[in-house]
Amino acid sequence: MTLSQFSSTDLLPQLRGGNLLRLAPDREGCLILCKPYQADLLGPGAAVGGVLDFDCFEAIAIGDVALVHPQDYHERSQSLTTRHLWQSYKQKLLDCQRFPMQRAIGILNLLRQYFETDDIVQQIPDRALALLVGVLPQTIAAARLQK
């Protein structure tokens, strides 16, 4: 798996263009969408773009990621449901981890389990992970040291 940062000429115009897209469900990558006050972690089959991500300023692709257009109402509905499911995973982590360091360690452990390696997780910028769980980037850096 690889980590790449889409340039603004690649993905961001698509996200801000108003078209609802989805992450290809047959790929095993994820996308972190950084927004001014929070970030979204989205996986295969999740909806992206449209009115959901007009304020996205950075997209970090983890692994094999491809965007496709939903073909019909069923695919659009399914992709929105999948996005909600990914958001609920993050919310469960936030709900059960009260303290910032716990949330920082929790997101690192969650990503390590999902990708089955620490190499990819180490490449994700601290600021992106911090936006995911509502902590400072310094807290993520400290959590990385607490293996």
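Calculation notes
- Residue numbers here run from 1 along each chain, matching the order of that chain's written sequence.
- At least 70 in pLDDT is required for a residue's local features to be given in this predicted model, at least 80 for side-chain atom pairs to be given and counted, and no such filter applies to totals for whole chains, interfaces and linings, which use all residues.
- The basis for every side-chain value is the complete set of non-hydrogen atoms in the structure, without hydrogens or water.
- Each residue gets one of three labels from its accessible area relative to the maximum for its type: buried under 20%, exposed over 50%, partly exposed in between, using a 1.4 Å probe on protein chains only.
- Think of it this way: any DSSP run of H or I at least four residues long counts as a helix, any run of E at least two long counts as a strand, and we number them from the N terminus.
- Here a strand pair is declared whenever DSSP counts at least two bridges between the two strands.
- Only the stretch in contact is used when fitting a helix axis, every axis being a line fitted to C-alpha atoms; angles between N-to-C directions are given from 0 to 180 degrees.
- Each helix crossing is assigned a hand: it is left-handed if the near helix lies turned anticlockwise from the far helix by less than a right angle, otherwise right-handed if that turn is clockwise.
- When checking whether two residues touch, look at their non-hydrogen atoms; a contact exists if any pair is within 4.5 Å.
- A helix is expected to reach a length of 1.5 Å times the quantity of its residues less one.
- We define a salt bridge as a contact between a side-chain nitrogen of Lys or Arg and a carboxyl oxygen of Asp or Glu at a distance within 4 Å.

On to the pairing of strand S3 (residues 30-34), then. Regular strands have side chains that alternate between both faces of the sheet. Across the five residues of S3, five count as buried, placing the element largely inside the fold. Burial along S3 is two-sided: Cys30, Ile32 and Cys34 and Leu31 and Leu33, pointing in opposite directions, are all buried. By the bridge criterion, five bridges tie S3 to strand S6 (residues 58-62) in an arrangement that is antiparallel. Residue Ile32 lies in a different strand from S6, and its bridge partner there is Ile60. Of the strand pairs in this sheet, S3 and strand S4 (residues 39-42) are connected by four bridges, and their pairing is antiparallel. Residue pairing for S4: Cys34 is matched across the bridge by Ala39. What sits between the antiparallel neighbours S3 and S4 is a turn of four residues.

One non-glycine residue, Glu116, lies in positive phi territory at about 55°. For Glu116, the location among the structural elements is in the loop between helix H3 (100-115) and helix H4 (118-123). Overall, Glu116 belongs to the exposed group, its relative accessible area being 71%.

Turning next to the packing of H3 against helix H6 (residues 137-145). Contact geometry of H3 with H6 gives a least axis separation of 9 Å together with a crossing angle of 65°. Where H3 crosses over H6, the handedness of that crossing is right-handed. Side by side, H3 and H6 meet where Pro100, Met101, Ala104, Ile105, Ile107 and Leu108 of the first sit next to Thr139, Ile140, Ala142, Ala143 and Arg144 of the second.

The next thing to look at is the sheet that holds strand S5 (residues 47-49). With antiparallel pairing, three strands are arranged side by side in an open sheet as S5-S2-S7. At either end of the open sheet lies a strand with only one pairing partner, and these are S5 and strand S7 (67-68). Pairing geometry for strand S2 (residues 20-23) and S7, over two bridges, is antiparallel. Each bridged residue has a counterpart across the sheet, and for Leu23 the counterpart in S7 is Leu67.

Attention now moves to H3. Along an α-helix, a turn takes 3.6 residues, which lines up residues three or four apart on a common side. Spanning 16 residues, H3 covers 23 Å between terminal C-alpha atoms, matching the ideal 22 Å at 1.5 Å per step. The complete set of buried residues in H3 reads Arg103, Ala104, Gly106, Ile107, Leu108, Leu111, Arg112 and Phe115. A positive phi of about 55° marks Glu116, the residue just after H3.

A separate point is the pattern of salt bridges. Counted according to the given criterion, the structure contains 10 salt bridges. Across the salt bridge formed by Asp55 and Lys35, the nearest N and O atoms sit 4.0 Å from each other. Of the two residues, Asp55 is situated in the loop between S5 and S6 and Lys35 in the loop between S3 and S4; the sequence distance between them amounts to 20 residues. Asp55 sits in the partly exposed class, given a relative accessible area of 32%. One connected set of salt bridges, linked through shared partners, spans Lys35, Asp40, Asp53, Asp55 and Arg83.

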